Amino acid sequence: MLVVATAGAGAATAAPRSASPEAVARAWSKALNANDNVAAAKLFAPNAHVVQPGVDGRLATRAIAIAFNASLPCAGRIVAVTVTGNRAVATFVLGERPKHHCDAPGIKAAALFVVHEGKITLWQQVAVPKAGGPIA
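Residue indices begin from 1 for each chain and proceed along its sequence in written order. Totals for whole chains, interfaces and linings use all residues, but because this is a predicted model, local features are given only for residues with pLDDT of at least 70 and pairs of side-chain atoms are given and counted only at 80 or more. Derived side-chain values reflect all non-hydrogen atoms in the structure, with water molecules and hydrogen atoms excluded from consideration.

Focus on the state of the cysteines
Spelled out, the test is: In this description, a disulfide is simply a cysteine sulfur pair whose atoms lie within 2.5 Å. Helix numbering and strand numbering both begin at the N terminus, where a helix is a DSSP run of H or I of at least 4 residues and a strand a DSSP run of E of at least 2. Only protein chains enter the calculation, and the probe is 1.4 Å; a residue is then buried if its accessible area is under 20% of its type maximum, exposed if over 50%, and partly exposed in between.
This structure, assessed with the given rule, holds one disulfide. One disulfide in the model links Cys74 with Cys102; its S-S distance is 2.1 Å. The disulfide joining Cys74 to Cys102 has a torsion of about 90° about its S-S bond and is therefore right-handed. Pair noted here: Cys74 is in strand S3 (residues 74–84) and Cys102 is in the loop between strand S4 (87–96) and strand S5 (108–116), with a separation of 28 residues, a long-range link. Since its relative accessible area comes to 2%, Cys102 is described here as buried.

Thoughts on the sheet that holds S5
Spelled out, the test is: Pairs of strands are assigned from DSSP output, requiring at least two bridges between the strands. Note on geometry: axes are lines fitted to C-alpha atoms, helical ones only across the stretch in contact, with angles between N-to-C directions running from 0 to 180 degrees. Two residues qualify as a contact provided that any one of their heavy atoms is within 4.5 Å of a heavy atom in the partner residue.
Taken in spatial order, the six strands make up an open sheet running S2-S1-S6-S5-S4-S3, and their pairing is mixed. Across the chains shown, the open sheet's two edge strands, defined by having one partner strand only, are strand S2 (55–59) and S3. The average angle at which neighbouring strand axes cross in this sheet is 20°, direction not considered. Bridging between S5 and strand S6 (residues 119–126) involves seven bridges; their strand directions are antiparallel. Paired with Val114 across the bridge in S6 is Leu122. Its contacts with the sheet place helix H3 (residues 62–71) against strand S1 (44–52), S2 and S6, and it is angled at close to 35° to S1.

Points about the pairing of S3
Examined bridge by bridge, S3 and S4 share ten bridges and lie antiparallel to one another. By the bridge assignment for S4, Thr84 is matched with Arg87. Between the end of S3 and the start of S4, which pair antiparallel, lie two residues, with Gly85 showing a positive phi angle near 60°.

Below you can see the structure in the form of structure tokens.
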């Protein structure tokens, strides 16, 4: 299963350098839900690391970052975010995304965002946290 996004349609704007990990995760999710893969890719730092089943690599170029975001089949509504320092774990309820077919609508999924200067340096699909549990 591939993970993606949160609420709202419309193009996302770049997160400011001082943006919190939660704000960056929400901006990424908004872009993905709108199928704005370019805006989503702009939120990743050069050479960001992405990890999910079947994928463990670096986004070495903007084109690869765009392709990674375009490969994610689902949108999602953020239902929880836990932040510790520069890390945020966002929990999503997956749903349909424009021009894609979601492989797990209605299922919860989670992603870890490690953010430095308003850019995602690590995006990793993680287990959905239990309420009150530790951050990944």
